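Coordinate inspection notes
Listed below, chain by chain, are the residues.
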Amino acid sequence: MKVENIQSQMRKGVLEYCILSIIKNGEVYPGDILEEVKNAGLDLLEGTLYPLLNRLKNADMLSYRWVESTTGPPRKYFSLTDKGLVFYNLLESTWNDLNGSVEKLVNKANEVENENEEDIATVS
């Protein structure tokens, strides 16, 4: 089993939620999404972002509008629809529940590990 594959699947699993959280803050250009995700320490390629945005748009989670640009072609700016906001809130609730459960398990494992280390130190 390759850890890289598992890490990739974990990132993909939360990517949609992360992108929607950026768009939830207001109308956004895809280049700004890429920059914000990168600044957060996640890897995201245009070839991943644009199909995801199109899928969300086709599912009526996002709307967009064209804005003329003085430096090039018009830009497409995305925003959440009411349906998208409901979807985001469901993802947020799922993330909070999942994150809380994982934290409990990890903290418990760390407590047991620390107790075992203390027991070994006491015996030595």
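None of the values given here were measured: they were computed from a predicted structure. (Residues numbered from 1 in each chain as written. Predicted model: local features only at pLDDT ≥ 70, side-chain atom pairs only at ≥ 80, totals over all residues. Heavy atoms only, no water.)

Once that is clear, we can look at the overall build of the protein. Each helix and strand counted, the protein has four helices and two strands in total. Listing the helices and strands of the protein from first to last along the sequence gives α-α-α-β-β-α. C-alpha extents for the protein along the principal axes are approximately 75 × 30 × 25 Å. Relative to its 124 residues, the protein shows a buried fraction of 20%. If you take every contact in the protein between residues at least 6 apart in sequence, the share linking residues at least 24 apart comes to 50%. As presented, the protein carries roughly 9000 Å² of accessible surface, and 52% of it is formed by carbon and sulfur atoms. (Helix = DSSP H or I, 4+ residues; strand = E, 2+ residues; numbered from the N terminus. Buried < 20%, exposed > 50% of the residue type's maximum accessible area, 1.4 Å probe, protein only. Contact = heavy atoms within 4.5 Å. Areas by Shrake-Rupley, 256 points an atom, 1.4 Å probe, with all protein chains shown as cover.)

For the coordinates displayed, the defined rule picks out five aromatic pairs. Ring geometry for tyrosine 64 and tryptophan 66: centres 6.2 Å apart, planes at 90°, overall edge-to-face. Using a relative accessible area of 36% as the deciding quantity, one classes tyrosine 64 as partly exposed. Here tyrosine 64 and phenylalanine 78 contribute two aromatic rings whose centre-to-centre distance is 6.0 Å and whose plane-to-plane angle is 50°, an arrangement assigned as tilted. Separated by 14 residues along the polypeptide, tyrosine 64 in strand β1 (residues 62-67) and phenylalanine 78 in strand β2 (residues 75-80) bring together distant segments of the chain. Phenylalanine 78 sits in the buried class, given a relative accessible area of 2%. Linked through ring pairs, Tyr17, Tyr88 and Trp95 together constitute an aromatic cluster. Over the aromatic face of tyrosine 29 sits the side chain of arginine 75, whose NZ or CZ is 4.2 Å from the ring centroid. (Phe/Tyr/Trp six-rings, centres within 6.5 Å; stacked < 30°, edge-to-face > 60°. Lys NZ or Arg CZ within 6 Å of the ring centre and 35° of its normal.)

Packed helix pairs are specified by the crossing angle of their axes together with the interaxial distance, meaning the distance between the axes. Packing of helix α1 (residues 3-24) against helix α3 (residues 46-58) brings their axes to within 11 Å, and their N-to-C directions diverge by 75°. Between α1 and α3, the interaxial angle falls into the category roughly perpendicular. Mapping the contact onto sequence places Leu15, Glu16, Ile19, Leu20 and Ile23 in α1 and Thr48, Leu49, Leu52, Leu53, Arg55 and Leu56 in α3. Classifying every residue of the contact of α1 with α3 gives eight nonpolar, one polar and two charged. (Axes fitted to C-alpha atoms, helices over the stretch in contact; angles between N-to-C directions. Parallel < 35°, antiparallel > 145°, perpendicular 65-115°, else oblique. Nonpolar A, V, L, I, M, F, W, Y, C, P; charged D, E, K, R; others polar.)

Attention now goes to a nonpolar patch on the surface. Nonpolar side chains collect at one region of the surface, where Trp95, Leu98, Val102 and Val106 lie side by side and expose about 320 Å² of accessible area between them. One can find tryptophan 95 in helix α4 (residues 82-123). With relative accessibility at 32%, the residue tryptophan 95 sits in the partly exposed group. (Patch = residues over 30% accessible without salt bridge, like charges linked within 9 Å, V, L, I, M, F, W, Y side chains within 5 Å. Salt bridge = Lys/Arg side-chain N within 4 Å of Asp/Glu carboxyl O.)

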